[in-house]
Amino acid sequence: MIRLSGVSHFIGGAQILHDISLDLPKGGITALIGPNGAGKSTLLSLIARLTPLKQGEITVDTLKIGGCSDRDLARVLAIMAQSTHVSARLRVRELVGFGRYPWHRGRPGPADHALIEAALERFGLLPIADRFLDEISGGQRQRAFVAMAFAQDTDYLLLDEPLNNLDIAGARGLMRLLRDMADRDDKTILIVLHDINYAAAFADRIVALKNGRIAATGAPDQVISDTLLRDVFDTDAKISRIDGRPFVMV
Amino acid sequence: MAKRLILLSALLLVACAIYIGLGAEGAWRFLLPYRATKLASMLLVGIGLSVATVLFQTITANRILTPSVMGFDALYVMVLTVLVHVLGGVGYASLPAALLFAMNVAGMTVLGMLLFGLLQKGARGDIMRLVLTGLILGILLRSVTEFLQRMIDPAEFQMVQSVSFARFTQVEPSLLALSALVTLPALALAWGMRNRLDVLGLGDATATGLGENPKSGQAQALVLICILVAASTALVGPMSGGGGSFFGLIVTALAHVITPSERHRILLPSAALTGCIILVGGQTVMERLLDLTTPLTVVIELIGGILFLVLLVKRKRA
């Protein structure tokens, strides 16, 4: 379980997050949604320790963010940041291989190599395993990073807007892979999403943020409503239901 | 990759043998210690600067930067100029070499640490800001040096000039030992960081996710860079003639071509070997074949400048 209590955050003089307390149970996909500037990415990067936590407390299982070693946390929590630009010229297989680093610290064994191959196969990366990262499409690159996180073999996975710049096939493919990881491997996935329809289709739980405060939490068909769109997103788009699932009519 | 490293090692051995053996006239008893000292200093400097450059390029994620942008060379020349200015040419010449060496190493390491410490406190530990600050500081130091050089006696100015370029011709064995004492542990530590450097090269966010704190890794690498550059510069003088040093740039660019790998366990030895081959080979050609007294660095600057432009034009990725 990821537990946040009394988390506040300031950037410059502006308060980005206001006293957030939230429990995210183990298992399933939780989508963090909200308008631009709501604090979604900030919240995620605090849990991922990409931004130092100054006020409040965050724990992942028994590990306290800021109070545990980076190595221990890397075996429990994998992250995929918003910018996946790598300046080093790496092949796909090398990148996925780095996922094992928290476990072998630079000396991979046969078990590590087997896990890397398994991750490549599962994410359909075997045909392009020896290509360089700058020679493949954006969708393939995102998939390679998710495969790396998968190879890291952690219970928790955090992703910050992984669907940015992906076409519909790439975005759906990636979300299906995440869904599959949640269902088959009991991963707990926390994901920042922009598109409410993707959240409605793939997430088990939704946490909506507005102005640094939690506006709503719950299952997609309970949370996503006309009122949510009006109050949180400041738009008058309508919701319609198809096969019992809410859709935003854009 | 391993094959290419062995090939590089063989090439270096040949270069060393030619350097020691070519044009040997007179008693080996005198010749050998003299040439061996010069050779050892070249190897030490070649390895030290190459490794420092690889570390620097990894933590800045930039292939066209070398540690000399941090103003180390400029500080060295300034200390030199100030000493000559205050003590006079004779006074400077009579200073104990070991004292001078210690002063230079300490000064340059402190400068590097100070720069980094200030930035860690003030800014958000932004590595690019550190580099830019170092660049500006280098310009400041150079301006002060130039100002002082305008005021000193022409004969003393000549003296400053002659030691402002790296020279392998007059290396004291005691200094060599001192320099090795500083450089070798730093090299061992850099080698120990090889796997962590691979991860740091993935970018701050990804490195954090893999359990490698980028701040502490960058800080450790920076300490090693300061020590390595300081020890090399204090031993033979600055490798650059005033601008940025192109030696490290040539070495890393070649190493990336010879052994195309991002793994530091390959890149570090490959760069170190390449650096040594360039220094020893170049010095042999300059000294023995062309019979020139021009410092090797002048030639390296020329070739490096051209290579720098080629790299800039050819670079596909931003």
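Residues numbered from 1 in each chain as written. Chains lettered and ligands numbered in written order. Predicted model: local features only at pLDDT ≥ 70, side-chain atom pairs only at ≥ 80, totals over all residues. Heavy atoms only, no water.

S.K.: If you had to explain the overall build of chain A to someone new, which residues and values would you point to?
M.R.: Across its full length, chain A carries 10 helices and 12 strands. Since a compact globule built from 250 residues should have a radius of gyration of about 18 Å, the 18 Å found for chain A is in line with a globular shape. C-alpha atoms of chain A, sized along the principal axes, occupy 55 × 40 × 30 Å. When each of the 250 residues of chain A is scored for burial, the buried share is 51%. (Helix = DSSP H or I, 4+ residues; strand = E, 2+ residues; numbered from the N terminus. Rg over C-alpha atoms; globule rule 2.2 N^0.38 Å. Buried < 20%, exposed > 50% of the residue type's maximum accessible area, 1.4 Å probe, protein only.)

S.K.: Can you lay out the packing of helix α2 (residues 28-60) of chain B against helix α7 (residues 173-192) of chain B for me, pointing to particular residues and giving the numbers?
M.R.: All names here are of chain B. α7 packs onto α2 with a crossing angle of 30° between their chain directions and a minimal axis gap of 10 Å. Judged by the angle between their axes, α2 and α7 are roughly parallel. The way α2 lies across α7 gives a crossing that is left-handed. Of the residues in α7, those touching α2 at T37, A40, S41, L44, I47, G48, V51 and L55 are P173, L176, S179, A180, T183, L184, L187 and A190. Of the residues in the contact of α2 with α7, the class split is 11 nonpolar, five polar and no charged. (Axes fitted to C-alpha atoms, helices over the stretch in contact; angles between N-to-C directions. Parallel < 35°, antiparallel > 145°, perpendicular 65-115°, else oblique. Left-handed = near helix turned anticlockwise from the far one by under 90°. Contact = heavy atoms within 4.5 Å. Nonpolar A, V, L, I, M, F, W, Y, C, P; charged D, E, K, R; others polar.)

S.K.: A description of empty space enclosed by the protein should follow, citing residues and the corresponding values.
M.R.: Summed over all chains, the structure comprises two cavities of 30 Å³ or more. Quantified by volume, the second largest cavity comes out at close to 40 Å³. Along its surface, the second largest cavity is lined by I79(A), M80(A), A81(A), S83(A), T84(A), F145(A), M148(A) and T206(B). Contributions of two or more residues to the lining of the second largest cavity are made by β6 (77-80) and α6 (138-151) of chain A. Along the lines of polarity and charge, the residues of the lining of the second largest cavity split into five nonpolar, three polar and no charged. (1 Å grid on protein atoms, 1.4 Å probe; cavity = no way out; pocket = protein on both sides within 12 Å on 5 of 7 lines; lining within 4 Å. Points joined across faces, edges and corners; volume = space filled by probe spheres on them.)

S.K.: Mind laying out unusual backbone geometry, listing which residues take part and the relevant values?
M.R.: Negative phi values dominate among residues other than glycine, just as trans dominates among peptide bonds. Phi at D61(A) is positive, roughly 50°, even though this residue is not glycine. Even without being a glycine, A61(B) presents a positive backbone phi close to 50°. Of note, A61(B) is situated in the loop between α2 and α3 (72-93). The partly exposed category is assigned to A61(B), whose relative accessible area is 48%.

S.K.: How would you summarise helix α5 (residues 110-122) of chain A if you had to cite specific residues and measurements?
M.R.: Residue and element names in this part refer to chain A. With 13 residues, α5 ought to run about 18 Å at 1.5 Å a step, and its terminal C-alpha atoms sit 18 Å apart, in line with that. Among all positions of α5, only D112, I116, A119 and L120 are buried. Each buried residue of α5 lies within a common arc of 100° when the element is viewed along its axis, so the set occupies one face. Of the residues in α5, the exposed ones pointing more than 90 degrees away from the buried face are P110, A111 and E121. Those residues of α5 that are buried are in contact with α3 (92-98), α4 (101-104) and α6. One or two residues past the end of α5 sits G124, with phi positive at roughly 65°. (Expected span 1.5 Å × (residues − 1). Arc of directions from axis to C-beta.)

S.K.: Which residues make up the sheet that holds β6(A), and what are the values?
M.R.: Residues and elements named next belong to chain A. Sheet architecture is open: six strands sit in the order β6-β7-β8-β3-β9-β10, paired in mixed fashion. The two strands at the open ends of the sheet, each matched to only one other strand, are β6 and β10 (213-218). Pairwise comparison of adjacent strand axes, ignoring direction, gives a mean angle of 15° for this sheet. The sheet contact formed by strand β7 (residues 156-160) and strand β8 (residues 188-192) spans five bridges and is parallel. For D160, the partnering residue across the bridge sits in β8 and is V192. Along the sheet, α6 makes contact with β6 and β7, crossing β6 at roughly 170°. (Pairing = 2+ DSSP bridges.)

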